[in-house]
Amino acid sequence: MPENTPFRRVGLRLHRLPRRWLAYYAGLAAWLGTTAMHIPDGYLSPITSLVMFALVLPFWAVGLRRLRDRMDARGVPLIALMAAFSFVIMMFNVPLPGGTTGHAVGGALAAIVLGPEIACLAVSVALVIQAFFFGDGGLLAIGANSFNMAVVLPFVAFAVYQAVAGNRAIDSPRRVVAALVAGWAGLTLASLVAGVEFGVQPLLFHTASGAPLYAPYPLAVSIPAMVIPHALVASVVEGGMTAFVVAYLQRAHQPLLLFSGGAAGQGPAAGIGRLRGLWVGLAVLAVATPLGLLAPGTAWGEWSAQELTRRGLSFIPAGLRQLENLWGAPLAGYGVRTLGNAALGYLLSAALGILLVALCAWLFATLVAARRRSIGKVEE
Amino acid sequence: MSASPEAGVGRHSRRLGLEGTLAGLTHALDQSVFAEEVARRPGLLQGLDPRAKILATLALLITVGLSRQLPVIAGLYILALLLAAVSLIPMDFFLKRVWIFMPFFTGIIALPALFMTPGPELIALPFGWVVTRTGALTTLFLLARVSTSVSFGLLLVMTTRWNLLLKGLRVLLVPEGFILILGMTYRYLYLLLQTLEGMLLSRRSRIVGRLSRPEERRLLAASAGTLLGKSFLMSSEVYLAMQSRGFQGHTRVIDTFHMTIRDWLFLGGALAVSALAIGIGG
């Protein structure tokens, strides 16, 4: 084989990895990839669990509100049946090439059929039942599991589905491709978020001697360990399952695909399709964030008190000095210390930031829209 | 980082496709019948108010989470074993459910931490592998915490009948509507499991020989799609049935619980143990 073929180059890359871990990682990847991602108690600190509950709560509230607005009492049995369906879907052993099987979460399918807000409720209910009655996933970890699998997965999957499918006809093959990509992207991003949850544990919680108290690996290990196996196996199962079922529904149950109201491009996330250019631009900007490392100095006007002194300012207001240490940002300076790699840290910060801002903006928009609707109703 | 099949559903079966799914479904149904049977035994925990048990379990889980000393977590695990014994939960089942899967799941995840966590050397193995003291400590923390938490969760689930457990969730300020949805989900879950089992069984009985993998995938996807259609249809039928009985969207969970001296004593004891454990090792 010539020296410069792509294969050779990849071979060289792999060679640089510590060899003895390679077989282990391959085994771990195969094992992790075939299971769904339910975090048991003991991996996350109780404080993290509490924070995750706080993050999920608004989505549950918005889901319940949407349920009340759109379907009234009819929603109760619908959610119950869809949660039961999601539970049963998690039990499917999907045969994979190579002789193993995988499990799907079903969150992407639920989002495509029901819309993400209601899918969030249905998957959460399924997760609560799994934790309480079947011991699958921890009780304290319900918040974290719901955030990963009932918020990130359906919302990302729905946005991707909308963006790829656009305004195509309901039986267009493009919708099957969209479902495949949606399921894959949704679960992969969910595994990234889970990796971040695991990775911050040793940073924040350890004994005096430095032994981590909960999940032991730093971000540099936990993120690839979660994302790579999921991207290669579990997300493929999720995407494949979603695509197969959407293809089946196109043949046999087309009305189901129209239910979420998003199918014809009128859904709540249809805006993502319209603003596709903007999203692409945002992604390019995010990928380009490590360029910031090249620029020397601090952004104008964002100096810390120490820098102000260095710049020749002789008087620093006492209030500024005090307030400066009031809030320590979790990703101070947009660098993730333990990653050890500044560029990777920037990318991660950018991705997380965009995700958080998008979620907040969506939440705000939904609340405003709901308020306007209820005001409209009163005026009628 | 993976599933928690320490106490998972049907994950013990690694059989493939159709057969594996069927085996998993049967196992889940078996398990729930067994859990219901244990919940009816005349043990200590079975006789307590579900609300006391839920609060006590939460307090103990949080304590396990907050403990920073291994002996404290070990003590809590022994407490869980004692409670299982006085609640007439078969000990072999209780131990197996936690420890058979632990080495495979949490174990395989925790193993590299033995070597990768920087710290002073504990044991030097051949080929330059070194187990560090901090690595051993963090691995033990993870294993102890996960096994103790799973045990306490199992105690609550195995000793409380599901309808009582659901009503008991009111004590955590869970809205009544949500409890109604949970209850309906649990009820229809079994119906869907049985429907799916019937669909797959009838299909299997018409097959001679083995299906190819693409055929199996297509069959499972079609089953999932059909099940989705059936769930939708059933939800509107259930709604009509509810409406014809006068359901207007308001729910009220009737609970006839009342806390007795025994319940208060148990809850007080659990909180005292939690406070003591956090005091020693928090």
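1. Remarks on the overall build of chain A
Counting secondary structure elements, chain A contains 15 helices and two strands. When contacts within chain A are restricted to residue pairs at least 6 apart in sequence, those whose partners lie at least 24 apart make up 74%. Summed over all atoms, the accessible surface of chain A reaches about 17500 Å², with 68% contributed by carbon and sulfur.

2. What to know about the overall build of chain B
Along the backbone of chain B there are 10 helices and two strands. Helices (α) and strands (β) of chain B occur, in sequence order from the N terminus, as α-α-α-α-α-β-β-α-α-α-α-α. Residues counted as buried form 51% of the 282 residues belonging to chain B. Look at the contacts in chain B between residues 6 or more apart in sequence, and 75% of them connect residues 24 or more apart. In the structure as shown, chain B presents an accessible area of about 12900 Å², 66% of it carried by carbon and sulfur atoms.

3. Considerations on the packing of aromatic side chains
Taken as a whole and judged by the stated rule, the model has six aromatic pairs over all chains. Between Phe205(A) and Tyr214(A), the aromatic rings sit 5.7 Å apart at their centres with planes inclined by 90°, giving edge-to-face as the arrangement. What makes Phe205(A) buried here is its relative accessible area of 12%. One aromatic cluster in this structure is built from Trp162(B), Tyr186(B) and Tyr190(B).

4. Topic: the confidence of the model for chain A
Residues and elements named next belong to chain A. On average, residues of chain A score 70 in pLDDT, and 54% of them reach the 70 mark or higher. Note that pLDDT drops below 50 for residues 1-17; the model gives that stretch six contacts with residues more than four away or on any other chain. Confidence drops under pLDDT 50 across residues 292-298; counting only partners more than four residues distant or on other chains, this segment forms six contacts.

5. What to know about the confidence of the model for chain B
It should be kept in mind that the predicted coordinates are not to be read in detail where pLDDT is low. Residue and element names in this part refer to chain B. Mean pLDDT over chain B works out to 80, with 89% of the residues at or above the 70 mark. Contacts of residues 1-15 to residues separated by more than four positions or lying in other chains number 67 contacts, the stretch itself having pLDDT below 50. With pTM at 0.73, the complex prediction returns an ipTM value of 0.82.

6. Looking at the packing of helix H4 (residues 75-89) of chain A against helix H8 (residues 176-204) of chain B
Running from amino to carboxyl end, H4(A) crosses H8(B) at an angle of 50°, the nearest separation of the two axes being 8 Å. Judged by the inter-axis angle, H4(A) sits oblique to H8(B). Helix-helix and strand crossings are classified by hand; for H4(A) and H8(B) the assignment is right-handed. Facing Val76(A), Pro77(A), Ile79(A), Ala80(A), Leu81(A), Ala83(A), Ala84(A), Phe85(A), Phe87(A) and Val88(A) of H4(A), the residues of H8(B) in contact are Leu180(B), Ile181(B), Met184(B), Thr185(B), Tyr188(B), Leu189(B), Leu192(B), Leu193(B) and Leu196(B). Residue classes in the contact of H4(A) with H8(B) are distributed as 18 nonpolar, one polar and no charged.

7. Quick notes on a nonpolar patch on the surface
A cluster of nonpolar side chains, Ile47(A), Val51(A) and Leu55(A), forms an exposed patch at the surface whose accessible area comes to about 250 Å². Tracing the chain through its elements places Ile47(A) in helix H3 (residues 46-71).

8. Structural notes on the nonpolar core
With 164 residues, the main nonpolar core has Ile129(A), Phe132(A), Phe133(A), Phe152(B), Leu155(B) and Leu189(B) as its most contacted residues. Within the second largest apolar cluster, five residues are counted, among which are Leu192(A), Val196(A), Ile223(A) and Val227(A).

9. Quick word on helix H9 (residues 219-252) of chain A
Its axis deflected by about 55° at Ala231(A), H9(A) carries its strongest bend there. Counting buried residues in H9(A) gives 26 out of 34 residues, a clear majority hidden from the surface.

10. Quick look at the pattern of salt bridges
Residue and element names in this part refer to chain B. Inspection of every chain in the model, using the stated rule, returns two salt bridges over all chains. The shortest N-O distance in the salt bridge between Glu37 and Arg41 comes to 3.1 Å. Classification of Arg41 as partly exposed rests on a relative accessible area of 23%. Between Asp49 and Arg51 there is a salt bridge, with its nearest N and O atoms 3.1 Å apart. Of the residues examined, Asp49 reaches a relative accessible area of 5% and is grouped as buried.

11. Notes on unusual backbone geometry
Outside of glycine, negative phi angles account for most residues, and trans bonds account for most peptide bonds. Residue and element names in this part refer to chain B. Here the phi dihedral of Leu88 falls at roughly 60°; this positive angle occurs in a residue that is not glycine. With respect to the helices and strands, the residue Leu88 is situated in the loop between helix H3 (70-86) and helix H4 (91-99). Taking relative accessible area as the criterion, Leu88 reaches 38% and is therefore assigned partly exposed.

12. Focus: the packing of H3(B) against helix H6 (residues 133-159) of chain B
All names here are of chain B. Running from N to C, H3 and H6 point in directions that differ by 25°, and their axes come no closer than 9 Å. In terms of orientation, H3 and H6 fall into the roughly parallel class. Handedness of the H3/H6 crossing: left-handed. Between H3, through Leu70, Ile73, Leu76, Tyr77, Leu79, Ala80, Leu83 and Ala84, and H6, the contact on the second element is made entirely by Leu137, Leu140, Phe141, Ala144, Arg145, Ser147, Thr148, Ser151, Phe152 and Leu155. Split into classes, the residues belonging to the contact of H3 with H6 amount to 14 nonpolar, three polar and one charged.

13. Remarks on the environment of Gly65(B)
On the secondary structure map, Gly65(B) appears in helix H2 (residues 50-66). A sequence separation of 84 residues divides Gly65(B) from Ser149(B), and the C-alpha atoms of the two residues are 8.2 Å apart. Discounting chain neighbours no more than four positions away, the residues touching Gly65(B) are Pro46(A), Tyr214(A) and Arg145(B).

14. Overview of the side chain of Thr188(A)
Residue and element names in this part refer to chain A. Positionally, Thr188 belongs in helix H8 (residues 173-204). According to the relative accessible area criterion, Thr188 is buried, its value standing at 10%. Setting aside residues up to four positions removed in sequence, Thr188 forms contacts with Val227, Ala231 and Ser235.

Each value, and the rule that gives it
- Residues numbered from 1 in each chain as written.
- Chains lettered and ligands numbered in written order.
- Predicted model: local features only at pLDDT ≥ 70, side-chain atom pairs only at ≥ 80, totals over all residues.
- Heavy atoms only, no water.
- Helix = DSSP H or I, 4+ residues; strand = E, 2+ residues; numbered from the N terminus.
- Contact = heavy atoms within 4.5 Å.
- Areas by Shrake-Rupley, 256 points an atom, 1.4 Å probe, with all protein chains shown as cover.
- Buried < 20%, exposed > 50% of the residue type's maximum accessible area, 1.4 Å probe, protein only.
- Phe/Tyr/Trp six-rings, centres within 6.5 Å; stacked < 30°, edge-to-face > 60°.
- pLDDT = per-residue confidence, 0-100.
- Axes fitted to C-alpha atoms, helices over the stretch in contact; angles between N-to-C directions.
- Parallel < 35°, antiparallel > 145°, perpendicular 65-115°, else oblique.
- Left-handed = near helix turned anticlockwise from the far one by under 90°.
- Nonpolar A, V, L, I, M, F, W, Y, C, P; charged D, E, K, R; others polar.
- Patch = residues over 30% accessible without salt bridge, like charges linked within 9 Å, V, L, I, M, F, W, Y side chains within 5 Å.
- Salt bridge = Lys/Arg side-chain N within 4 Å of Asp/Glu carboxyl O.
- Core = buried A, V, L, I, M, F, W, Y, C linked by side-chain atoms within 4.5 Å.
- Bend = angle between axes of the 7 residues up to and from the residue.

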